[in-house]
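# Observations on chain architecture
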Protein chains: 2
Amino acid sequence: MAAALRLGIAGLGTVGVGVVRIIRRQAEMLSMRTGRDIVISAVSARDASKDRGVPLGDYAWESDPVALAQRDDVDVFVELMGGSDGAAKDATEAALAAGKDVVTANKALLALHGTALAEAAEAAGRVIRFEAAVAGGIPVIKSLTEGLAGNEITRVMGVMNGTCNYILTRMENAGLPYDTVFQEAADLGYLEADPTLDVGGIDAAHKLALLSAIAFGTKPNFDGIAIEGIERVSIDDIRQAADMGYRIKLLGVAQQSARGLEQSMQPCLVPASSPLGQLEGGTNMVVIEGDAVDQIVLRGPGAGEGPTASAVMGDICDLARGLHIPTFGQPAATLKAAPAATAALPAPYYLRLTLADKPGALAKLASALGQAGVSINRMRQYAHDASEAPVLIVTHKCTRDALDSALAALAASDVVLSQPVALRIEDL
Amino acid sequence: MAAALRLGIAGLGTVGVGVVRIIRRQAEMLSMRTGRDIVISAVSARDASKDRGVPLGDYAWESDPVALAQRDDVDVFVELMGGSDGAAKDATEAALAAGKDVVTANKALLALHGTALAEAAEAAGRVIRFEAAVAGGIPVIKSLTEGLAGNEITRVMGVMNGTCNYILTRMENAGLPYDTVFQEAADLGYLEADPTLDVGGIDAAHKLALLSAIAFGTKPNFDGIAIEGIERVSIDDIRQAADMGYRIKLLGVAQQSARGLEQSMQPCLVPASSPLGQLEGGTNMVVIEGDAVDQIVLRGPGAGEGPTASAVMGDICDLARGLHIPTFGQPAATLKAAPAATAALPAPYYLRLTLADKPGALAKLASALGQAGVSINRMRQYAHDASEAPVLIVTHKCTRDALDSALAALAASDVVLSQPVALRIEDL
């Protein structure tokens with residue numbers, strides 16, 4: 001049997017403890033599957049005295065993760081601290097410089113510094129693996145980079161923040177407004193310390209930046225993602241969407257257009273009967289479309305100790321088996337720049353507006369849309385009180401530019417009473 | 001750049017032509033992703049003169065696949081001929097003996113001869129890869145063997161024959177009987193030359209044998225699978241199941257019980273709202289449950305040129321990248337025997353019986369079930385004519401043995417008029 005693969009694990013939160021548990025419980029199985037023993041040499045965390053419910057006495061303790069990353073008895077540095085900068089970045093760079101492979105669950109680190117880190121890994125002849133950084137336990141990085149390596153990828157979509165999906169499905173199922181369900185989620189401990197990371201779409205956008213990079217061979221470009229959170233999604237919109245056969249999801253979409261790579265993380269309408277539309281609660285889903293495979297849908301838990309540790313272990317087993325693939329699936333030098341592209345690809349849109357209830361208002365609305373080249377597929381005006389008329393529109397496919405120009409014209413008129421809601425409809 | 005990876009492709013049907021097309025169209029992309037050129041040295045098929053719509057003049061032609069497998073300018077033998085014995089087996093053995101890796105889409109070959117072939121591969125220091133043999137374009141072998149390598153797998157389930165799923169969903173959606181829809185499928189060219197392979201569950205069971213082996217570290221044991229086709233599924237059962245919130249699927253299930261590995265490929269009831277229940281038409285789905293990851297669901301096209309070629313290319317790219325994993329995920333010598341286990345794990349069952357309409361019939365039915373230890377969860381008796389009474393029962397969890405003993409007692413009585421329908425209900 002080959003020499004043992006020796007790990008240094010930095011970060012003993014939920015995921016780190018989960019990884020330690022699996023390695024202790026399944027040592028024999030792991031060694032049978034990979035042909036090597038997988039052992040922990042050393043660990044590192046903020047508080048050495050805390051009881052984490054798993055025995056750590058067999059492992060050397062390093063208070064400094066950089067020192068852990070550089071230890072001679074560590075082959076693979078397992079970075080489970082989190083944070084896009086600071087200790088996680090320093091220790092990852094130190095590990096690569098010291099000739100260690102890196103396994104990380106850190107989406108923010110790679111979304112913001114992925115290209116430089118991939119270059120550093122290649123210069124050192126090492127790799128960074130990050131299955132756990134995207135969609136928890138779903139082996140989506142592996143499926144895209146390896147299983148679908150024969151495909152030119154045409155579109156990647158995903159619901160990748162379980163908290164947002166919980167909030168949106170709970171609003172729909174219980175008929176509750178956003179603020180109430182947000183508070184429920186907070187009380188249940190579902191939200192990050194900074195909830196904007198969840199409901200503002202930041203966390204999910206970090207994941208999308210990584211998926212885009214491996215799908216399209218581009219440098220991760222988090223700043224190029226059009227991000228909109230779920231804070232403005234109202235129970236009215238959820239109900240109207242449902243009534244027309246749609247559900248609202250915080251959906252990440254990455255696709256190539258003539259103008260470049262379009263990346264967005266926004267609330268979208270998806271057909272209620274589609275796999276994405278049927279996704280309830282905290283589960284994640286990624287849809288991958290390729291020129292040969294057509295469409296693959298992957299679904300599973302997006303967070304939690306077991307699922308995330310499962311993804312980390314998949315990467316560790318790959319390294320134990322000798323798999324060395326460039327960080328983003330191809331050499332860092334061949335990754336193309338991915339400048340921010342505005343949404344050039346036409347899509348149908350859902351619009352909700354409140355019209356002043358006076359003669360000619362509807363004509364002005366229809367005329368503003370028509371002049372911008374936006375044509376109406378379905379329209380409904382609902383029963384209303386004397387002064388204002390709620391109107392719903394589903395457009396035919398149009399560009400976001402055309403839609404925005406129509407909305408600007410309407411804002412300058414006196415017929416639209418409040419800020420219109422405009423959500424893209426994503427066909428599946 | 002490393003030396004080119006040189007392929008010999010045996011079999012130029014739909015899948016073989018699809019592989020040739022991808023290699024010609026995406027040469028640059030494949031070489032960027034794998035760090036090597038992937039080239040075709042030679043091909044082999046029955047008819048050298050047939051126009052297959054793709055240029056083959058650049059490749060050497062071998063009329064004998066064994067000769068192809070042994071060529072000096074072939075590193076990887078790509079077996080796309082099909083058939084569990086004969087040329088496919090001979091050529092695969094020859095390729096391994098000559099020191100070639102093998103990529104195959106041949107489920108029957110591996111389901112029946114997998115252990116011996118895996119041993120031959122290891123003796124030669126080579127590997128066999130077979131992503132395309134199970135669930136078409138879905139990277140399920142990779143997900144199980146690699147992505148979920150840190151998991152002890154607890155259950156694997158799958159809808160893996162698109163034709164059967166097409167027939168069953170079409171029966172339900174159009175309200176048509178089995179025979180009519182079977183003929184439709186035949187007219188559409190959906191059926192194998194021997195339709196028993198599809199509707200008899202054989203094809204799907206071949207796939208299940210392979211999934212079981214990699215999930216549970218056992219030797220593929222096709223003969224140990226309890227197989228029942230969809231020929232006896234009636235539109236009545238589909239309607240009654242739907243009425244109770246279920247759908248009927250030809251479902252493969254593999255799980256460990258105290259008596260050993262249980263493998264079945266049978267029509268089952270699944271909750272209509274579950275991912276398996278929502279699966280329409282020819283799409284495939286595999287559900288994997290592991291101790292760490294909980295549940296992963298993979299969905300995609302189960303057949304067709306592009307999806308199957310995509311899976312073959314994933315394996316080829318892995319080999320180009322230097323990935324060498326034992327055929328069934330662990331050394332062949334460590335694979336456990338998997339003797340046929342009867343269904344020992346209790347499950348709820350759906351029963352449909354026709355009772356003689358005479359006093360005491362229902363009492364005899366209830367008594368036979370009760371004496372066998374089968375308790376009733378839900379029961380319905382439908383409106384009926386004078387002589388017979390259709391009765392539906394959903395049992396609480398019971399073993400198949402207990403159920404069969406109750407059914408035997410009923411058959412010996414004079415109250416049940418026709419062969420009862422008994423279908424397992426698989427919870428998700």
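Definitions and limits used
- Residues numbered from 1 in each chain as written.
- Chains lettered and ligands numbered in written order.
- Predicted model: local features only at pLDDT ≥ 70, side-chain atom pairs only at ≥ 80, totals over all residues.
- Domains from an automatic or database assignment.
- Contact = placed C-beta atoms within 7 Å.
- Helix = DSSP H or I, 4+ residues; strand = E, 2+ residues; numbered from the N terminus.
- Nonpolar A, V, L, I, M, F, W, Y, C, P; charged D, E, K, R; others polar.
- Buried ≥ 20, exposed ≤ 12 C-beta atoms within 10 Å, placed from the backbone.
- Least-squares fit on C-alpha atoms with pLDDT ≥ 70 in both.
- Axes fitted to C-alpha atoms, helices over the stretch in contact; angles between N-to-C directions.
- Parallel < 35°, antiparallel > 145°, perpendicular 65-115°, else oblique.
- Left-handed = near helix turned anticlockwise from the far one by under 90°.
- Core = buried A, V, L, I, M, F, W, Y, C linked by C-beta atoms within 7 Å.

### Side note on the domain arrangement of chain A
Residue and element names in this part refer to chain A. Domain assignment breaks chain A into domain 1 (5-133), domain 2 (146-302) and domain 3 (349-425). Domain 2 and domain 3 are separated by 26 Å when their C-alpha centres are compared. Listed per partner, the contact involves ten residues of domain 2 and eight residues of domain 3. For the side of domain 2 that touches domain 3, the elements supplying multiple residues, two or more each, are helix H11 (235-243), strand E9 (246-257) and strand E10 (260-271). No other element matches the four residues that E10 contributes to the side of domain 2 that touches domain 3. When its residues are assigned to classes, the side of domain 2 that touches domain 3 shows seven nonpolar, two polar and one charged.

### Focus: unusual backbone geometry
Residue and element names in this part refer to chain A. Phi at Asp294 takes a positive value of approximately 70°, unusual for a residue other than glycine. Relative to the assigned elements, Asp294 resides in strand E12 (residues 294-301). For Asp294, a count of 19 C-beta atoms within 10 Å gives the class partly exposed.

### Thoughts on the relation of the copies chain A and chain B
Least-squares fitting of chain A to chain B yields an RMSD of 0.0 Å, with the superposition described by an axial translation of 0.0 Å and a rotation of 180°. In short, the pair behaves as if placed about a two-fold rotation axis. The position closest to the rotation axis in chain A is occupied by the C-alpha of Leu298 of chain A, lying 2.4 Å away. A high fraction, 100%, of the interface residues of chain A reappear at the interface in chain B, so the copies pair face to face through one surface.

### Section: the packing of helix H7 (residues 162-174) of chain A against helix H8 (residues 178-187) of chain A
All names here are of chain A. Across the interface, H7 lies against H8 with an axial gap of 9 Å and an inter-helix angle of 130°. By the angle class used here, H7 and H8 are oblique. As for the relative orientation of H7 and H8, their crossing is right-handed in sense. Along the contact surface, H7 presents Thr163, Tyr166, Ile167, Arg170 and Met171, while H8 presents Tyr178, Val181, Phe182 and Ala185.

### A short note on the nonpolar core
Of all hydrophobic cores here, the largest spans 278 residues; its most connected members are Val312 of chain A together with Val312 of chain B. Ignoring sequence-local partners within four residues, the contact set of Val312 of chain A consists of Val15, Val19, Val78, Val103, Ala105 and Ala132 of chain A.

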